[in-house]
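# Chains, contacts and geometry: an overview
Okay, here's what each chain looks like letter by letter:
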Amino acid sequence: MLNQNHTPMAENITSAIAHYDQVHGRGHFAPRAVLFDMDGVLFDSMPHHATSWAAVCTRFGLEMSPEEAYMHEGRTGAATINILMQRYHGREATADEISDIYAAKCEAFNACPEAARMPGAYEVTRRALAEGLKIGVVTGSGQKSLLDRLTAGFPDCFTPDRIVSSADVTHGKPHPEPYLRGLDKLGVEAHEAIVVENAPLGIRAAVAAGIFTIAVNTGPLPDDILLAEKPNLLYHSMTELASSPIFAYRG
Ligand code: CA
């Protein structure tokens, strides 16, 4: 039902909200908080993740193209490694293999230049705050430098108690748990939140958590791959999202 090739107009937003309210019977959409994914939403870091995964997998005899890395985006490192191990060796990875391969991937990623803030992302966070919405981050990343990077890139936006990382969850995306933890941390119900996501599996996780989900297609995948996960709206950049009337909607 959602199939637009340009910025959603006000009437598309109204119908997306009506559709959400119809599907989620527990409460009308009344946003009080925004949960942001990190890589590919707040930081333009996905090209580095994709090339790091591809290079490291080749070294360990597990082929994965950078394009495939975008399809796995949002999974934990362990889950991604297990999928490849099943494909090439027909078994689960051992704990040592996961730890070695993931360490090598992190090393390759950390050797890349520091990812820039996604254009428009700071404007989106300031807009949400100006509209009186609480904001948080829900990421599959477990990097220790996470908070420092968020603080440096988004001054006065995120506090440590409003960040969900891989250390906070048992199940990574596409399981809804990360986003359910995000709702807990911000003290809101599913119908009181908005998720901003760029990856198919991240959209799946947010939709499964019952949250109004905005896809922002900042990467190389066609819109149809993101739309197949049934986000409520789709934008093509954070800059485009920054001027969306959705943040002013109060139900
Ligand atoms: Ca992402």
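All of the points below concern the structure found in this document. What you are looking at is a predicted structure, and each value in this text was computed from that prediction instead of being measured. (Residues numbered from 1 in each chain as written. Predicted model: local features only at pLDDT ≥ 70, side-chain atom pairs only at ≥ 80, totals over all residues. Heavy atoms only, no water.)

### Quick look at the pairing of strand E4 (residues 193-197)
Within E4, five of the five residues are buried, which leaves it mostly tucked inside the rest of the structure. Burial of E4 is two-sided: the residues Ala193, Val195 and Glu197 facing one way and the residues Ile194 and Val196 facing the other way are all buried. Relative to E4, strand E1 (residues 33-36) is paired through four bridges, and the arrangement is parallel. The residue of E4 that forms the bridge with Leu35 is Val195. Relative to strand E5 (residues 212-216), E4 is paired through four bridges, and the arrangement is parallel. Bridged to Ile194 within E5 is Phe212. (Buried < 20%, exposed > 50% of the residue type's maximum accessible area, 1.4 Å probe, protein only. Helix = DSSP H or I, 4+ residues; strand = E, 2+ residues; numbered from the N terminus. Pairing = 2+ DSSP bridges.)

### Here's the deal with the coordination of the calcium ion
All of the protein donors around the calcium ion are Asp37 (OD), Asp39 (O), Glu73 (OE) and Asn198 (OD1); their distances to the metal are 2.1 to 2.3 Å. The sequence pattern formed by the donor residues of the calcium ion is D-x1-D-x33-E-x124-N. With Asp37 in the loop between E1 and helix H2 (46-59) and Glu73 in the loop between helix H3 (66-72) and helix H4 (77-89), this residue pair connects regions lying 36 residues apart in the sequence. You can call Asp37 buried: its relative accessible area is 6%. (Donors = N, O, S within 2.8 Å, 3.2 Å for Na, K, Ca; no water.)

### Side note on the nonpolar core
Judged by nonpolar contacts, the single largest core of 37 residues is most densely connected at Phe36, Leu42, Leu150, Met238 and Ile246. Top contributing element to this core by residue count: helix H1 (residues 10-23), with four residues. Once residues lying within four places of it in the same chain are set aside, the contact partners of Leu150 are Met38, Leu42, Phe43, Val137, Pro155, Phe158 and Ile163. Core analysis: the next-biggest nonpolar cluster, separate from the first, contains 22 residues, Cys57, Met64, Ile101 and Ile203 among them. (Core = buried A, V, L, I, M, F, W, Y, C linked by side-chain atoms within 4.5 Å. Contact = heavy atoms within 4.5 Å.)

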